[in-house]
Amino acid sequence: MFITALQRQNPELISAALSLWQQRIIRPDSYVIDVDAVEENARRILHTAHRHHLTPYVMSKQFGRNPWLCQRIIAQGFPGVTAVDFKEARQLMQHGVPLSHVGHLVQIPDGEIAAILMQRPEAITVFSVAKARAIAVQAQKLNLTQALLLKVYHPDDDLYPGQEGGFLLDEVVAAARQITQLEHVKVLGVTHFPCLLSQEAGDIPQITPNFSTLIEAAARLRKAGFQIDQINAPSANSCSTLALLAQLGATHVEPGHAFTGTVPANAFGTEPESLAMLYLTEISHNYKNISLCYGGGHYRRSHVRHALIFTPDGKMHQAEVVPPQDHSIDYYLGLNGQFPVGSAVVMCFRTQIFVTRSDVVMVCGISQGNPQLAGVFDSQGNKLNNSGDFR
């Protein structure tokens, strides 16, 4: 999806990844991240957000819930992270990463609420009055008051399967009134997902019906007397979309793919954020008219199309990727054409590293022409040693 953009924006990352692979410092099935480029993207995002009076939270699931990289991004001036589920929250908080938003897209299980509350997140999203009540019970025990975001939706909104839920637009005011009867919680604002979507690779994302629902929910709550301080509008948050979101009423955003430049609008390398991540693997064997390379990093919505193959004779080739079917395990990824066993393969696509089994390789110094391995992690953000074992 992004291979041409990667060659245009960050060919140095390709060279660094190949060098580390040739030295056997990294293994096939590795995402390689240019830390310098991520930090530069972060500074651009933060500057743009502040210019439009938006507060950006860091979304880390795309790059593997990685606490080390989160801290590097936060050091640029971000307030904290969004944990998409309680396992991500647990991973980040045990490494001292400040939690800003928890509970959306995945609600906090009742048994995890107390631990999350002790991190004092700025907001917790709830899908039901029952969950707000469970939070209130634990907040009372800890003698604190927790701010809540209400996840809203309309029956005609675009909802991903497995992500349904929340308060119907016509019922959100009544629900908010019930929640205000609880002690130790308060309504801070509203959220929804996805609020922006690209129809095709290379397109600037467009507002979805969900965003209209979000703004309407905030308006109804304000009319009913609620002080709504946060209108959280995640999905496809990047430098090119922040002005529109702010203009239409959003107050908070949650960039994720923007940090690695892997937003769909960047398919041609034209966005302010540069590509900062690639996927490196290796040809295992040939079968009929295809070459099979080691898998593990496949993501069903990656839209991966092409790969670069670097053969032992020093030549570079390009081939079409034959991704595995959804009903199969990605033991291997197929490439059209036969290439020598042991050749390096580079791809660049939209991923969610936390659902893969890949290694994640952090490299610093690429922008200075002196790439240095900063660390190797698993897909859940745990540090590995250079041989791929847990430290």
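Above this text sits the structure in question.
Residues numbered from 1 in each chain as written. Predicted model: local features only at pLDDT ≥ 70, side-chain atom pairs only at ≥ 80, totals over all residues. Heavy atoms only, no water.

## Quick word on the overall build of the protein
At step 1: When its secondary structure is counted, the protein shows 11 helices and 22 strands.
At step 2: Relative to the 2.2 N^0.38 estimate, which gives 21 Å for 391 residues, the radius of gyration of the protein is 22 Å and therefore close to what a compact globule would have.
At step 3: Per-residue burial over the protein gives 57% buried out of 391 residues.
At step 4: The long-range share in the protein, meaning contacts at least 24 apart out of those at least 6 apart in sequence, stands at 65%.
At step 5: Between the averaged position of the 30 positive side-chain charges in the protein and that of its 33 negative side-chain charges there is a distance of 3 Å. (Helix = DSSP H or I, 4+ residues; strand = E, 2+ residues; numbered from the N terminus. Rg over C-alpha atoms; globule rule 2.2 N^0.38 Å. Buried < 20%, exposed > 50% of the residue type's maximum accessible area, 1.4 Å probe, protein only. Contact = heavy atoms within 4.5 Å. Lys, Arg positive; Asp, Glu negative; His and termini not counted. Charge placed at Lys NZ, Arg CZ, Asp CG, Glu CD.)

## Thoughts on the pairing of strand β1 (residues 30-34)
At step 1: Counting buried positions along β1 yields five of five residues, so the element is predominantly enclosed.
At step 2: Neither face of β1 is exposed, since Ser 30, Val 32 and Asp 34 on one face and Tyr 31 and Ile 33 on the opposite face are all buried.
At step 3: As judged from the five bridges shared by β1 and strand β20 (residues 359-364), these two strands associate in the parallel manner. Looking at the pairing, Asp 34 lines up with Val 363 of β20.
At step 4: Pairing between β1 and strand β14 (residues 277-287): four bridges, direction antiparallel. From the neighbouring strand, Ile 33 faces β14, where its bridge partner is Met 277. (Pairing = 2+ DSSP bridges.)

## Section: the pattern of salt bridges
At step 1: Taken as a whole and judged by the stated rule, the model has 10 salt bridges.
At step 2: A salt bridge links Arg 65 to Glu 88, with the shortest nitrogen-to-oxygen separation between them at 4.0 Å. Separated by 23 residues along the polypeptide, Arg 65 in the loop between β3 (58-59) and α4 (67-74) and Glu 88 in helix α5 (residues 86-93) bring together distant segments of the chain. One exposure class covers both Arg 65 and Glu 88, and it is buried.
At step 3: A salt bridge links Asp 110 to Lys 131, with the nearest nitrogen and oxygen atoms 2.7 Å apart. (Salt bridge = Lys/Arg side-chain N within 4 Å of Asp/Glu carboxyl O.)

## As for the packing of helix α8 (residues 172-180) against helix α9 (residues 209-223)
Helix-helix packing is described using two parameters, namely the angle between the two axes and the distance between the axes.
At step 1: It is at 9 Å that the axes of α8 and α9 come closest, and there the two elements cross at 55°. Our classification of the angle between α8 and α9 gives oblique. Viewed along their axes, α8 and α9 form a crossing whose handedness is right-handed. Residues Val 172, Val 173 and Ala 176 of α8 touch α9, and the partners they reach there are Ala 217, Arg 220 and Leu 221.
At step 2: Residues belonging to the contact of α8 with α9 are distributed by class as follows: five nonpolar, no polar and one charged. (Axes fitted to C-alpha atoms, helices over the stretch in contact; angles between N-to-C directions. Parallel < 35°, antiparallel > 145°, perpendicular 65-115°, else oblique. Left-handed = near helix turned anticlockwise from the far one by under 90°. Nonpolar A, V, L, I, M, F, W, Y, C, P; charged D, E, K, R; others polar.)

## Some thoughts on the side chain of Thr 251
At step 1: As for its position among the elements, Thr 251 is in the loop between α10 (242-247) and β13 (252-253).
At step 2: One polar contact links the side chain of Thr 251 to the main-chain amide nitrogen of Ile 231, over a distance of 2.7 Å. (Polar contact = N/O pair within 3.5 Å; in protein donor to acceptor, adjacent residues only side chain to side chain.)

None of the figures reported here should be taken as evidence of function without further support.
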